[in-house]
Amino acid sequence: MYPPPPSNIYAPPMLVNCSGCRTPLQLPSGARSIRCALCQAVTHIADPRTAPPPPPHTPSSASPPPPHINAPPGQLAHPHGRKRAVICGISYRFSRHELKGCINDAKCMRHLLINKFKFSPDSILMLTEEETDPYRIPTKQNMRMALYWLVQGCTAGDSLVFHYSGHGSRQRNYNGDEVDGYDETLCPLDFETQGMIVDDEINATIVRPLPHGVKLHSIIDACHSGTVLDLPFLCRMNRAGQYVWEDHRPRSGLWKGTAGGEAISISGCDDDQTSADTSALSKITSTGAMTFCFIQAIERSTQGTTYGSILNSMRTTIRNTGNDGGGIGGSGVVTTVLSMLLTGGSAIGGLRQEPQLTACQPFDVYAKPFTL
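Report follows, based on the coordinates. (Residues numbered from 1 in each chain as written. Predicted model: local features only at pLDDT ≥ 70, side-chain atom pairs only at ≥ 80, totals over all residues. Heavy atoms only, no water.)

1. Topic: the overall build of the chain
When helices and strands are counted, the chain shows seven helices and 17 strands. A separation of at least 24 residues holds for 70% of the contacts in the chain among residues at least 6 apart in sequence. About 17,100 Å² of surface is accessible on the chain, with carbon and sulfur atoms providing 55% of the total. (Helix = DSSP H or I, 4+ residues; strand = E, 2+ residues; numbered from the N terminus. Contact = heavy atoms within 4.5 Å. Areas by Shrake-Rupley, 256 points an atom, 1.4 Å probe, with all protein chains shown as cover.)

Written out as structure tokens, the structure is:
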């Protein structure tokens, strides 16, 4: 027996404007202050019981209109336009979990978004160990704040991107909302002391709040990442390109979809697979296999490229690399999270990962054009 399904109504989060840059910030429940991920200004929330009464209104002392005055009624315009992204690349430098290609992945993804999809550089929040700003180091707290920032104040027409390249793992699920019995996780830089970020939290932060007309794409290059956004439907595709949508909605009735928006995730492998960090693809430097193949599929694509053609292209490239005698197992060094987390070593072998596609609603992957 399963408990009765909870209400699917999602309560909208409380938004406050940053005291520094005026970015709308999503205030965690019960918090009395919040730090902006962009300008690092701390905004304190006044206790309404101690707030002074508002001054009398006089036309002569009217202040200039706020920057979002032209936004639709009831909505706040985001100061960084209709496209914005969070890009996170973690190398775990100087640890036994070190990866070589993740920061390269982050830089390449930023270049792709700016030059191919016309994202403004100011609308992209980068989290890597190379950042000099301490609030842009990919710790658990900074990653959480960046995900909050990504969806804050989003309105119809916005296009959001979350790219992550780093370690992923999974842990036993006890609330019955996972088909395979495991929660998928992302590993921040400080995961050994602060813990991992679980798919339930990612879903609640960047999926469920999405209003109608907002589009979110997640590109996750990590092990065990197939359903790391906990989206309700997974596209199960065979090597011939034939596919069916699997229903991964929890039997408990817990809602894992959006508030009307669109969420699509492309991940490096299935939930029970590992993703490779390798030099066998670029032949020049280490990259995440999934990120390299995703960017290559986009750059080689023609107008009208679909999700199905991208997924097939990625899978074919990875499969052929695994069978290339001069690639994996030869000069290409592959590091998987399974061996790194459990043994601290490196695994050598073919690329057996299969990139996955999940979504909030099923669609025709060969008819729907890919756009960011």
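2. Concerning unusual backbone geometry
At Tyr 92, a position not held by glycine, the phi torsion is positive, near 55°. Inspection of the secondary structure assignment puts Tyr 92 in the loop between β5 (83-89) and α1 (102-115). Under the relative-accessibility criterion, Tyr 92 is labelled buried at 2%. (Buried < 20%, exposed > 50% of the residue type's maximum accessible area, 1.4 Å probe, protein only.)

3. Comments concerning the environment of Gly 166
In this fold, Gly 166 is placed in the loop between β7 (159-165) and β8 (168-172). In sequence terms Gly 166 and Ala 106 are 60 residues apart; their C-alpha atoms lie 10.0 Å from each other. Discounting residues that sit within four places of it in the chain, Gly 166 has contacts with Ile 90, Tyr 92, Leu 99, Cys 102, Asp 221 and Ala 222.

4. Points about the pattern of salt bridges
Taken as a whole and assessed by the stated rule, the structure comprises 10 salt bridges. One salt bridge connects Arg 84 with Asp 158, and the closest N-O pair in it is separated by 3.5 Å. One end of the pair, Arg 84, is in strand β5; the other, Asp 158, is in the loop between α2 (140-151) and β7, and 74 residues separate them in sequence. Asp 158 carries the same exposure label as Arg 84, and that label is buried. The network of salt bridges with common partners includes Arg 82, Arg 84 and Asp 158. (Salt bridge = Lys/Arg side-chain N within 4 Å of Asp/Glu carboxyl O.)

5. Quick word on α2
Side chains of residues three or four places apart in an α-helix project in the same direction, reflecting 3.6 residues per turn. An ideal rise of 1.5 Å per residue puts 16 Å on 12 residues; α2 measures up with 18 Å between its terminal C-alpha atoms. Of all 12 residues in α2, 10 are buried; the element is thus mostly enclosed. Residues of α2 that are buried: Lys 140, Asn 142, Met 143, Met 145, Ala 146, Leu 147, Tyr 148, Trp 149, Leu 150 and Val 151. With its phi angle positive at about 70°, Gly 153 sits one or two positions after the end of α2. (Expected span 1.5 Å × (residues − 1).)

6. Considerations on the pairing of strand β12 (residues 233-237)
The buried fraction of β12 is high, at four of five residues. Note: β12 against strand β13 (residues 243-247), five bridges, orientation antiparallel. Note on β13: the bridge partner recorded for Arg 236 is Val 244. The antiparallel pairing of β12 with β13 creates a hairpin that spans five residues between the two strands, and Gly 241 there sits at a positive phi of about 90°. (Pairing = 2+ DSSP bridges.)

7. What to know about the sheet that holds strand β9 (residues 182-186)
Pairing is antiparallel in the open sheet, where three strands are placed in the order β8-β9-β10. In this open sheet, the two strands that pair with only one neighbour each are β8 and β10 (197-198). Pairing of β8 with β9 involves five bridges; the strand directions are antiparallel. Bridged to Gln 171 within β9 is Asp 183.

8. Quick notes on the sheet that holds β7
Across the sheet, eight strands lie side by side as β6-β5-β7-β11-β14-β17-β12-β13; this open sheet has mixed pairing. Each of the sheet's edge strands pairs with one partner strand only, and the pair in question is β6 (124-128) and β13. Neighbour-to-neighbour, the strand axes of the sheet open up by a mean angle of 15°, direction not taken into account. Pairing between β5 and β6: five bridges, direction parallel. Of the residues in β6, the one forming a bridge with Cys 88 is Leu 127. Contacts between α2 and the sheet are confined to β5, β6, β7 and β11 (215-221), with β5 contributing the most and set at about 165° to the helix. (Axes fitted to C-alpha atoms, helices over the stretch in contact; angles between N-to-C directions.)

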